[in-house]
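The chain contents come next:
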Amino acid sequence: MFRGQERDASQMGGPGSARSEVRYDATVIPEFDKRPAFIHVLLLNKTIRLFVVLGVGSVIIPVFAYLFFFSKEIGHGSKRDIIGTCGHPTLYHVPCGRNNLSETECHQLGCCYTTLATCYHSLPSEHQLIIGDDWIPGTPAILSPLRSGTPYVEAALPEVRFDVIIPEDGSGRMSFLLSKANNISSARNQIPTKVMETRDLAVHVYSPTFFIEVKRKIDEEVIFSTARGPLIVTENFIEWTLHLGADILFGLGSAYLEPGRKHLLLNNLNTSATPIVMGYNAKLKLFNGVIFNTPGLTEVEILGSRLIIIRAQFDKNFEVQFMAGPTPAMLHQQSKAILQNQYTPPYWTYGVHVCDQSAKRNLTIVRHDLEVLLNETIMFDSHCLHNDQFWISDSMTLDKEFDFLRQLLRGAEKKFLPSLVLAISYGGNPTFIDARDHGILFRNPSNLLAYQGRLRNRTVVYVDWRTSQTSNLSTWFDSQWQKIANLAADGYTLEEVNPRDDRTSSLPGPGKLIYQPERLNDTLEELLPWNTLLSDSSELVLSRHNLLGVAMLDLIQKKIDPTIPLISGAAGMHSRVATLPSNVSATWIALRSEVDRIIGLSVAGISFTGTPICGNAPVGPANVSEELCIRWYQFGSLLPLFRVSADRTPNRFSRYGRRLMHAALRRRYELLEMLNTLILEDAAIIRPMFYHYEESANFTTELWEQFMFGEAVLVAPVLLPQMTQIAIYFPDTFYELWSGQQMPANDVLQYAVVESDLPMFLRPGFIIPLREVVEEEIILEGGSVVPMSVERSRLKPLLLIGAFTCNARRWKCSTTGHVLLLAGFQLHFGVDLDERIVVNVRANVSTPELAQQAACSEQASLNATIVRVQLYGHPNTTQPLEYAVGYDYCQEPAKQVEFANLHRKGPVDAYGNFLAK
């Protein structure tokens, strides 16, 4: 390199010089006198560099292959003493034992220890079960532990029975059952499967170390595995690690499961255990899931790797039922086939249910409030009077005041839906004495007498609804039921199903429980003391807590007609009942949580549920936000169950708020036929966006602030205060439900909203039915004016709203829909757009006598006429089209009506040019 220097003007001969001259300094630069370093020679030589890379790779590649791919060799060794690696990624670290273990304690458990003072299982874990090489599919397998010691206080069970059960219906379901070897009925009288495969899947059970894998036959991809964590089974506890191969998980009563969190499944005032986890595999583009049983205290931990760690009470058995999907709709069907929980109460159950939940019970105030509702024609369908009025231990005397209120409801065509408090007042009442003598009460561990708690300002005792002394329980309940039956109620709401104590409960100290979940103490503050005992054994109530509401519900349902609706705060996934949480606060955060909960329950197969409108927590703000309640009314109008506290009915707010709340109720009544159709078809009601738009699953799996109402309507409720616009994702072209405005496809739109809006959009290709409900009041035969009811709204004619989907040239379009009025009574309707517009309506009736009586008799309970159809999405006009249909099932079961296509311009290409037909 040379450094150029320019001479100054004087040296160059001055400004007038004819020639400029540049000199170069040729002085040697010192740094270039050195020879290249040896490392530079190595790095610059291609041959040497190649050998260095190959040498490093020959070391690193086998190490990573061992760490990440050795699981393919699991089960192929002959030694029982498998020693795993501690070098697997942190995301797959499954905690081992309690917190704060020392390195020595951790290693004694056979686990790995880090400098961060964490103890975790090796991979594969040393805490596994062994299966004999001679096991034959179709027979029960007896498993034994690899280590007799466990990270918990109990030793491992010496023998555990394992069964595989695969239904032959081709549904894609399969069951893996672990049970105590001495439990004869562990397999639920089902024959283990001999053929370990279905049409699309193969089940592999590895030996000698026991692992299960489910693989797809088409590509050998593993979609379910138990190989990535421990399996620990003791006399009273089980820990099992499952992997769905999923990138995103949802379930446990939530629309999205955040990695790194622990979930406590223990029924309390506002949650019921929902042990269902589903996932989405982005690579394979498939959905799958598992259902497991949770009799009592259960914790589910979701690791960053999406490993699912279940730590649960182990009773007689623990069953994991795998659902292969692969679509959300098929996953829902598989879940419903397992749960068998379809609930179809009478139509009036969809109405508005009001209940006074004030702290002080006063029938004079209840009477005044009820008369105001009727006089001001506030829309409602049933009333409970007061939720503290009817205790199972009270005499329930039918005095004149009570009889007047009941008749007041009957005269206005309203239902009586009392709340039954299922705790027993302590004292000299016959209910308590009889329950004590029959030995069916929870017991105090210190003296083994009936445990006394404090509830609703009473000293109470608690019934063990799942007791093994079933004859004693039935005898006692029979003696109590007659006074309940004397109420002549139209249905019942079951209160205090989950036993709780308003006093500060004692909390378990270290080592008192086999495993103590992190959030347990917060939950126990709402329940009984942790050491309360069952009525028939020395086991804790915690071990069977989630079974109490299920057993109580089963007992009551044996006493009542199946058409009498029941509402319960806690029930099992298999229970056929309307569910409603308690203790939901009146906050925006609570409203958002309710939306998330409803989506999670609905997609899992728990359909007939609702949200307490404006909250129902006993302690809350004195003045509830009117805007919050308006938004809650709007969201709740889409759910099967609608219940509101008497202090949050529309008349408790401003005239403006009352008008908007009544508009939400009127809209609910309009949409109920669509809701009823979904219930009768046992279909998902509130569906996450990925349910129908799997191609957008990478975007929609975490999107829960908007959802599909059935398959045809997109809903984006407003869930924050003072919003003027909200972001809505449209995966397809949609049309605003009431105006027909077209929304852009595959786009996120900032949609303007006002307080009266519940943004709803219709999907192309679908027609939905609505009742034409305009009035908010009705006039009875005697001349009295009463609020509109659900049953009366069903006597209004139907209106159809549809949106066209068109062919590529956009000159042939169609849209279809149906409504299921009753089981076996369905109306199909469709509209075809070509040279003319053709509307078809056809009845599909399997029980003509029932349909005639329901729709055509003098005592008709429903209207089967369609007056008009409103259509969006005509390719040549943005204006909604409206046509009279004039269909009447009682006159003609099928009808076709044709209209001129006034906007027809012929077929066009992708650029809007007209084409010849």
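Predicted model only: the values in this text are computed from it and were never measured.

**Q** Tell me about the packing of helix α5 (residues 363-375) against helix α6 (residues 400-411), and please be specific about residues and values.
**A** For the pair α5 and α6, the least separation of the axes is 11 Å and the interaxial angle reads 15 degrees. Accordingly, the angle class assigned to the pair α5 and α6 is roughly parallel. The handedness of the crossing between α5 and α6 comes out as left-handed. Here α5 contributes L363, V366, R367, L370, E371 and L374 to the contact with α6, which in turn contributes E401, F404, L405, L408 and L409. Of the residues assigned to the contact of α5 with α6, the class counts are eight nonpolar, no polar and three charged.

**Q** Can you tell me about the state of the cysteines, naming the residues and giving the values?
**A** Tallied over the full model, the rule gives seven disulfides. Across the disulfide from C96 sits C111; the S-S distance is 2.0 Å. Taking the sign of the S-S torsion, about 60 degrees here, the bridge from C96 to C111 comes out right-handed. With C96 in the loop between α2 (46-69) and α3 (103-108) and C111 in the loop between α3 and β3 (112-113), the pair connects residues that are 15 residues apart, well separated along the chain. Residue class for C111 comes out buried when judged on its relative accessible area of 6%. Linked covalently through their sulfurs, C806 and C813 form a disulfide whose S-S length is 2.0 Å. Because the sign of the S-S torsion sets the handedness, a value of about 100 degrees for the bond joining C806 and C813 places this disulfide among the right-handed ones.

**Q** Got a sec to walk through the pairing of strand β14 (residues 248-251)? Specific residues and values, please.
**A** The alternating pattern of β14 places I248 and F250 on one face and L249 and G251 on the opposite face, and all of these are buried. Pairing of β14 with strand β17 (residues 276-281), which is carried by four bridges, proceeds in the antiparallel orientation. Within β17, the residue paired with I248 across the bridge is Y280. In the sheet, β14 pairs with strand β15 (residues 254-257) via two bridges, with the strands oriented antiparallel.

**Q** Summarise helix α8 (residues 470-485); cite the residues concerned and give the values.
**A** With 16 residues, α8 extends 21 Å between its outermost C-alpha atoms, agreeing within 8% with the 22 Å of an ideal straight helix rising 1.5 Å per residue. Along its length, α8 shows its largest kink, about 30 degrees, at S479. Taken residue by residue, α8 has L473, W476, F477, Q480, W481, K483 and I484 as its buried positions. Residues of α8 that are buried make contact with β26 (419-421), β27 (424-425), α7 (430-437), β30 (492-495) and α10 (548-557).

**Q** So what's going on with the sheet that holds strand β32 (residues 578-579)? Which residues, and what values?
**A** Reading across from one edge, β24-β26-β30-β31-β32 is the order of the five strands in this open sheet, with parallel pairing throughout. Each edge of the open sheet carries a strand with a single partner, namely β24 (390-391) and β32. In the sheet, strand β31 (residues 566-568) pairs with β32 via two bridges, with the strands oriented parallel. Its bridge partner lying in β32, S568 is registered against T579.

What counts and how
- Residues numbered from 1 in each chain as written.
- Predicted model: local features only at pLDDT ≥ 70, side-chain atom pairs only at ≥ 80, totals over all residues.
- Heavy atoms only, no water.
- Axes fitted to C-alpha atoms, helices over the stretch in contact; angles between N-to-C directions.
- Helix = DSSP H or I, 4+ residues; strand = E, 2+ residues; numbered from the N terminus.
- Parallel < 35°, antiparallel > 145°, perpendicular 65-115°, else oblique.
- Left-handed = near helix turned anticlockwise from the far one by under 90°.
- Contact = heavy atoms within 4.5 Å.
- Nonpolar A, V, L, I, M, F, W, Y, C, P; charged D, E, K, R; others polar.
- Disulfide = S-S within 2.5 Å.
- Buried < 20%, exposed > 50% of the residue type's maximum accessible area, 1.4 Å probe, protein only.
- Pairing = 2+ DSSP bridges.
- Expected span 1.5 Å × (residues − 1).
- Bend = angle between axes of the 7 residues up to and from the residue.

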